[in-house]
Amino acid sequence: MKYLAVLYAEKAEKAKWAERRSVINSGTHMFDHFKTVTVGSEPYRVVFDGELYNEKELRKSLRHKGVSTDGLDVNALIVHAYRVWGHGMMSHLLGAFALIIDDGESVFVAKDQMGLRPVFYARAKDHMILIANAIQDILDTQWIRPVVNRSSLRELFALGPSITEDRTLYQDIYALPMGHYMIIHDHQITIKKYYDPISKPHFDTYEDTLAHVRYLVEDAIKRQSEGCDATFLSGGLDSSIIAAVMAKEKQPLYTYSLDYEGNSENFKGNMYQVSLDQEFIDTMRKATDSEHTKFTIQQSELCDELIPALDARHLPGMADVDAALLWLCKQVKNDRDVIMSGECSDEVFGGYPWFYREELASLDTFPWLRSTRERKALLHESLQDLDLEGYLDERYQASIRDISFLDGDSEEDQRARIHTVLCLHWFMQTLVTRQVCMGDAANVTIRAPFADVRILDYVYNIPWEMKFAGNEEKGILREAFADILPQNVAHRKKNPFPKTHNPKYRELIQAKMVEVYKNPDSILHQLFDDEALKALIESGGSAFTLPWYGQLMSGPQLLAYLYQIHAWFERTKPTLRME
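Conventions and cut-offs
Residues numbered from 1 in each chain as written. Predicted model: local features only at pLDDT ≥ 70, side-chain atom pairs only at ≥ 80, totals over all residues. Heavy atoms only, no water. Helix = DSSP H or I, 4+ residues; strand = E, 2+ residues; numbered from the N terminus. Rg over C-alpha atoms; globule rule 2.2 N^0.38 Å. Buried < 20%, exposed > 50% of the residue type's maximum accessible area, 1.4 Å probe, protein only. Contact = heavy atoms within 4.5 Å. Areas by Shrake-Rupley, 256 points an atom, 1.4 Å probe, with all protein chains shown as cover. Lys, Arg positive; Asp, Glu negative; His and termini not counted. Charge placed at Lys NZ, Arg CZ, Asp CG, Glu CD. Axes fitted to C-alpha atoms, helices over the stretch in contact; angles between N-to-C directions. Parallel < 35°, antiparallel > 145°, perpendicular 65-115°, else oblique. Left-handed = near helix turned anticlockwise from the far one by under 90°. Nonpolar A, V, L, I, M, F, W, Y, C, P; charged D, E, K, R; others polar. Pairing = 2+ DSSP bridges. Expected span 1.5 Å × (residues − 1). Polar contact = N/O pair within 3.5 Å; in protein donor to acceptor, adjacent residues only side chain to side chain. Salt bridge = Lys/Arg side-chain N within 4 Å of Asp/Glu carboxyl O. Core = buried A, V, L, I, M, F, W, Y, C linked by side-chain atoms within 4.5 Å. 1 Å grid on protein atoms, 1.4 Å probe; cavity = no way out; pocket = protein on both sides within 12 Å on 5 of 7 lines; lining within 4 Å. Points joined across faces, edges and corners; volume = space filled by probe spheres on them. pLDDT = per-residue confidence, 0-100.

What is the right way to read the overall build of the protein chain from this model?
When its secondary structure is counted, the protein chain shows 25 helices and 17 strands. In terms of C-alpha radius of gyration, the protein chain reaches 24 Å, essentially the compact-globule figure of 25 Å for 579 residues. The proportion of buried residues among the 579 residues of the protein chain is 60%. When contacts within the protein chain are restricted to residue pairs at least 6 apart in sequence, those whose partners lie at least 24 apart make up 73%. Total accessible area on the protein chain is roughly 23200 Å²; 46% of this is exposed by carbon and sulfur atoms. The averaged location of the 85 negative side-chain charges in the protein chain is 3 Å from the averaged location of its 65 positive side-chain charges.

Shown next, in the form of structure tokens:
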């Protein structure tokens, strides 16, 4: 559901909004998308965007408070929860959602604890406040002009494609972070954090820990698989656990995987991508007796999806990884509207290399952003004073400032807490945005059962020695499900979302960038050193020797990212303020 809530301090302004809406309300845009719920004589306007996974428990809790829940839909349940618990209602909700409640006196806006649905907001003239789940919908009102300033460029070049949680790349358009709510009253916006994982001692034995991890993960999968009989399947640990659990109750179970044209012929393993998926997919397909479909994207299709992926995210993103997921969702849409995903397990259980590789774990910075010096060397001379290093450190220090450690935490436990918090608020939010935007663009709902706050609350406090059981990343999770997984799958080394290894893709994106470079009006000429940009393009991206971001965003993937930056300026035409 797309929504744009237009809130006024003065009711007289509604006439202006009605007139403006008649001009811009076209196509698939749905503006001012409130539903009215009346309790007694009191009307509430509500937007609930997403899914609630504990509706039965919520109904029971409300009944204990004297509320008759018979016949109430989700919107009405949300209103009653607000009336009973006020802002404390958030601790009673489990799901992937954003919500808005207008009670006539103030407006309450919130995201779920894990931040699984986006919320953007901006102030406009005449006391207007715009709230939307897509940046473009705010821009489409034309009350907020797209402006990219030096702060935006620091975000883009120091952190991109990740973005500070409460910001966007546009001046005056902001985002609500995970675990936060916003109160709008008397022209004022107040933002409060209501959730963070809490550090507390872990008293469970190893066997009890295994059992509780098993229960929490299975319960999340069962809740979210209601009305869903399909899952992505890469043959990795996380998607395989989902498939194995679902297969017990869903027959037939439908599974879907992604491959790239020419990948098997051109694959070369590395420390991040150890193996191809097909062998493990075949093993799980047989183990679960699933109806499996493998979709193979052509390299030309991967290039062609870069612009639709940009339009879906509304900002430059993870380039071909975004594009591949968007294409995959479009194929799945022919069969299914809802599908499960193993996303977010690595953030919760500590699956990334920086949780356990000493040279990464000991870094006092974001471990997936290790190319700041090389990034700066690419920039135009007018941008050399952006101080990317200082900005990166400022963001890092702010992210870890409020982490609490226990007296009994080992050095490894402290590192695990730091990297978990960093991943939750940065790496995971980038991937969640990707999942939501690409899924929504294809009209497919992607559910991520590992992004269940109950799992996070428990696993956050499991000692690292247990989490890393068997000296394997996510060892506790592997052991908890070892009895229902084939051994080679249970102990398969983590692989990220697959990327293309076909040199044809490099040739295609290189050709696109050659044409961009020839365009004297391209924004890239203002942002990058001309000779460095030319050398990067001529090398097919290999002149940039480190990953730009994460584990795999290097070479052709970096060229694709720059191509999206070019296209973003071409399509949005933001004002660039360099002062």
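Following the structure, the description resumes.
Hey, could you run me through the packing of helix α12 (residues 320-333) against helix α17 (residues 411-441) in this one?
How two helices sit against one another is set out by the angle between their axes and by the gap between those axes. Where α12 contacts α17, the two axes come as close as 8 Å, and the packing angle between them is 40°. With respect to α17, the axis of α12 lies oblique. For α12 against α17, the interelement crossing comes out right-handed. Along the contact surface, α12 presents V321, D322, L325, L326 and C329, while α17 presents R434, Q435, M438, G439 and A441. Looking at the contact of α12 with α17 residue by residue, the class counts come to six nonpolar, two polar and two charged.

Would you explain the sheet that holds strand β9 (residues 174-175) in this entry?
Either a parallel or an antiparallel arrangement is found when strands of a sheet pair, and the pairing is made through backbone hydrogen bonds. Here four strands make up an open sheet; going across it, the order is β1-β7-β6-β9 and the pairing antiparallel. Looking along the sheet, the strands with just one partner apiece sit at the ends: β1 (4-7) and β9. Pairing of strand β6 (residues 120-123) with β9, which is carried by two bridges, proceeds in the antiparallel orientation. Within β9, the position partnered with Y121 by the bridge is Y174.

Can you walk me through the sheet that holds strand β11 (residues 188-193) in this structure?
Reading across the sheet, the six strands line up as β2-β3-β4-β5-β10-β11 and stay open at both edges, with antiparallel pairing between neighbours. Looking along the sheet, the strands with just one partner apiece sit at the ends: β2 (35-39) and β11. Ignoring which end each strand starts from, the neighbouring axes of this sheet average 20° apart. Relative to strand β10 (residues 180-185), strand β5 (residues 107-111) runs antiparallel, the two sharing four bridges. Paired with A110 across the strands is Y181, a residue of β10. In this fold helix α3 (residues 74-85) packs onto β2, β3 (42-52), β4 (95-102) and β5, with an angle of close to 115° to the strand it touches most, β3.

Looking at this model, I keep getting lost on unusual backbone geometry. Mind explaining?
Most peptide bonds take the trans configuration, and most residues that are not glycine carry a negative phi. Of note, the bond from G160 into P161 is cis; its omega dihedral lies within 30 degrees of zero at 10°. One non-glycine residue with positive phi stands out, namely D172, at about 80°. In this fold, D172 is placed in the loop between α5 (150-159) and β9. Assessed through its relative accessible area of 38%, D172 is described here as partly exposed. In this model, H314 sits at a positive phi of 70°, which is unusual for a non-glycine residue. On the secondary structure map, H314 appears in the loop between α11 (306-313) and α12. Since its relative accessible area comes to 19%, H314 is described here as buried.

What's the story with α3 in this structure? I'm lost.
For the α-helix, the turn length of 3.6 residues means that residues three or four positions removed from each other point alike. Here α3 contains twelve residues, and its C-alpha end-to-end distance of 16 Å stays within 8% of the 16 Å for a straight helix at 1.5 Å per residue. Taking burial as the measure, the twelve residues of α3 include nine buried ones, the bulk of the element. Along α3, the residues that are buried comprise N75, A76, L77, I78, V79, H80, A81, Y82 and W85. Contact partners of the buried residues in α3: β2, β3, α2 (55-64), β4 and β5. Its side-chain oxygen at 3.2 Å from the backbone nitrogen of N75, D73 defines the N-terminal cap of α3. Positive backbone phi, approximately 60°, marks G86, located one or two places after α3.

Quick question: what am I supposed to make of the pairing of β5 here?
Most of β5 sits inside the fold, with five of its five residues counted as buried. Note that β4 and β5 share five bridges and pair antiparallel. Bridging from a neighbouring strand, A98 pairs with K111 of β5.

Sorry if this is basic, but what is going on with the pattern of salt bridges here?
It is possible for side chains of opposite charge to pair when their charged atoms get near one another. In this structure the tally under the stated criterion is 38 salt bridges. Across the pair K474 and D238 runs a salt bridge, and its minimum N-O distance is 2.8 Å. Taken as a pair, K474 in the loop between α19 (464-467) and α20 (475-480) and D238 in helix α7 (residues 237-247) lie far apart in primary sequence, 236 residues in all. The salt bridge involving K474 is made with D346; its shortest N-O contact spans 2.7 Å.

I'm lost on the environment of C329 in this one. Help?
Along the chain, C329 falls in helix α12. For C329, a relative accessible area of 0% corresponds to the buried category.

Is there a simple way to explain the nonpolar core in this structure?
Here is a general trend for soluble globular proteins: nonpolar side chains tend to be buried in one another's company. Residues F157, V217, I241, F349, W368 and L562 are the most contacted members of the largest nonpolar core, which totals 162 residues. Among the elements that take part in this core, α17 stands out by supplying 14 residues, more than any other. Aside from chain neighbours lying at most four places away, what touches W368 is W354, L422, C423, W426, F427, W548, Y549 and G550. Counting residues in hydrophobic clusters, the runner-up holds 27 residues, among them Y44, L58, A81 and L93.

When you look at empty space enclosed by the protein in this model, what are you seeing that I'm missing?
Applying the stated criterion across every chain yields a total of four cavities of 30 Å³ or more. Here the largest cavity is characterised by a volume of approximately 860 Å³. Lining of the largest cavity is provided by 44 residues; of these, E343, N495, P496, F497 and P498 occupy positions nearest its centre. For the lining of the largest cavity, the secondary-structure elements that each account for two or more residues are α7, β13 (254-260), α12, α13 (345-349) and α17.

It is not clear to me how the confidence of the model for the protein chain should be interpreted in this structure. Could you clarify?
The predicted structure's coordinates, where accompanied by low pLDDT, should not be read in detail. Per-chain confidence: the protein chain averages 92 in pLDDT, with 94% of residues scoring 70 or above. Low pLDDT, under 50, characterises residues 9-31; the stretch is placed with 34 contacts to residues that sit more than four places away or in other chains.

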